[in-house]
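# A look at the structure
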Amino acid sequence: QSTLQSLPFKDASFDGVMVNFVLHHLDNTEGCDNGFPAVQLALKEIRRVLKPGGALIIQTSSHEQLLDGYWWAEIIPEAMTAYKHRYPKIKHLETLLSQMGISDFEHYIEVDEVLQGESYFDPKGPFNKTYRDADSNWTLVSPDELESALNQLREHEANNNLEKYVQDRDSLRKKIGQMTFIKALVKS
């Protein structure tokens with residue numbers, strides 16, 4: 001065990017590294033405001049352990065995916081705006097990686113898969129703490145915002161359009177997905 005900023009491996013040890021939805025957990029808000037220093041350290045360390053010609057795959061979300069790739073994002077806008085702030089923009093990641101000798105970027109956007117599996121589509125899911133705990137998007141929701149979100153869902157349910165609301169919001173995800181894979185190569 002170790003941290004991403006101090007990997008216990010020799011230089012050029014790996015042909016490939018995959019970073020799966022972790023970068024947004026590395027910096028606190030102050031770090032995000034200062035160029036993501038913890039992310040930069042992690043990327044430098046990943047670069048150090050990759051062999052020349054090695055591949056790096058990062059799974060993350062674009063800011064657009066965060067705001068429109070989750071059906072519930074619209075009912076928790078304050079939390080999602082704050083959460084978005086913790087994600088380095090994809091262009092920013094590519095700039096950092098380029099400075100480290102990692103380039104040849106390819107993107108793959110997954111539009112058919114969702115992060116929570118079938119439970120993601122449950123229109124009453126947000127009423128359940130276990131459902132909310134299954135996705136870190138909900139971690140920044142204040143008690144007041146949670147109550148507002150649940151009241152919005154109750155209103156949709158009272159108007160018999162809760163499932164339609166979820167389907168309409170989810171139609172955005174079907175165009176932009178929830179996740180982006182960035183593939184890049186270490187220059188030989």
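Heads up: these notes are all about the structure in this document. (Residues numbered from 1 in each chain as written. Predicted model: local features only at pLDDT ≥ 70, side-chain atom pairs only at ≥ 80, totals over all residues. Heavy atoms only, no water.)

### Comments concerning the overall build of the protein
Of the regular secondary structure elements, the protein holds 8 helices and 4 strands. Order of helices (α) and strands (β) in the protein, N terminus to C terminus: β-α-α-β-α-α-α-β-α-α-α-β. Dimensions of the protein, computed from the C-alpha atoms along their principal axes, are close to 60 × 30 × 25 Å. Expressed as a percentage of its 188 residues, the buried residues of the protein come to 44%. For the protein, restricting intrachain contacts to residue pairs at least 6 apart in sequence, the fraction spanning at least 24 positions comes to 83%. Counting only carbon and sulfur atoms, one obtains 50% of the accessible surface of the protein, whose full area is about 10,000 Å². For the protein, the distance from the average position of its 20 positive side-chain charges to the average position of its 28 negative side-chain charges is 6 Å. (Helix = DSSP H or I, 4+ residues; strand = E, 2+ residues; numbered from the N terminus. Buried < 20%, exposed > 50% of the residue type's maximum accessible area, 1.4 Å probe, protein only. Contact = heavy atoms within 4.5 Å. Areas by Shrake-Rupley, 256 points an atom, 1.4 Å probe, with all protein chains shown as cover. Lys, Arg positive; Asp, Glu negative; His and termini not counted. Charge placed at Lys NZ, Arg CZ, Asp CG, Glu CD.)

### Some remarks on the environment of E110
Note that E110 resides in strand β3 (residues 102-110). On the basis of relative accessible area, E110 is assigned to the buried category, the value being 13%. Expressed as a C-alpha distance, the spacing of E110 and E155, which sit 45 residues apart in the sequence, is 32 Å. For E110, the side chain forms a polar contact with the side chain of Y108, separated by 3.0 Å. In this structure the side chain of E110 is engaged in a polar contact, spanning 2.8 Å, whose partner is the backbone nitrogen of D112. (Polar contact = N/O pair within 3.5 Å; in protein donor to acceptor, adjacent residues only side chain to side chain.)

### Some thoughts on the sheet that holds strand β2 (residues 50-60)
Overall, mixed pairing links the 4 strands, which are arranged β1-β2-β4-β3 in an open sheet. In this open sheet, the two edge strands, each paired with only one partner strand, are β1 (14-20) and β3. In this sheet, adjacent strand axes meet at a mean angle of 15° when their direction is disregarded. Of the strand pairs in this sheet, β3 and strand β4 (residues 179-186) are connected by 7 bridges, and their pairing is antiparallel. Counterpart to S103 in the pairing with β4 is L185. (Pairing = 2+ DSSP bridges. Axes fitted to C-alpha atoms, helices over the stretch in contact; angles between N-to-C directions.)

### Comments concerning the environment of D15
Mapped onto the elements, D15 comes out in strand β1. Look at D15 and you get exposed, because its relative accessible area is 56%. Sequence spacing of D15 and P52 is 37 residues, and the spatial spacing of their C-alpha atoms is 8.1 Å. With near-sequence residues (within four places) excluded, D15 lies in contact with L50, K51, G54 and A55. Within the structure, the side chain of D15 is placed 3.5 Å from the side chain of K51, a separation counted as a polar contact.

### Structural notes on the packing of aromatic side chains
This structure, assessed with the given rule, holds 10 aromatic pairs. Look at W71 and Y165: their rings are 6.5 Å apart centre to centre, the planes differ by 85°, and that puts the pair in the edge-to-face class. Here W71, found in the loop between α3 (63-68) and α4 (77-85), pairs with Y165, found in helix α8 (residues 162-176); they are 94 residues apart in sequence, far enough to count as distant. Across the pair, exposure class does not vary: W71 and Y165 are buried alike. Relative to Y87, the ring of Y83 has its centre 5.3 Å away and its plane inclined at 65°; by these criteria the two rings are edge-to-face. (Phe/Tyr/Trp six-rings, centres within 6.5 Å; stacked < 30°, edge-to-face > 60°.)

### Overview of helix α5 (residues 90-99)
Taken together, the buried positions of α5 are occupied by I90, L93, E94, L96 and L97. An end-on view of α5 places all buried positions within 160° of arc, on one side of the element. Opposite the buried face of α5, by more than 90 degrees, sit the exposed residues K91 and Q99. Buried residues along α5 sit in contact with α2 (37-49), β2, β3 and β4. Downstream of α5 by a residue or two, G101 has a phi angle that is positive, lying close to 85°. (Arc of directions from axis to C-beta.)

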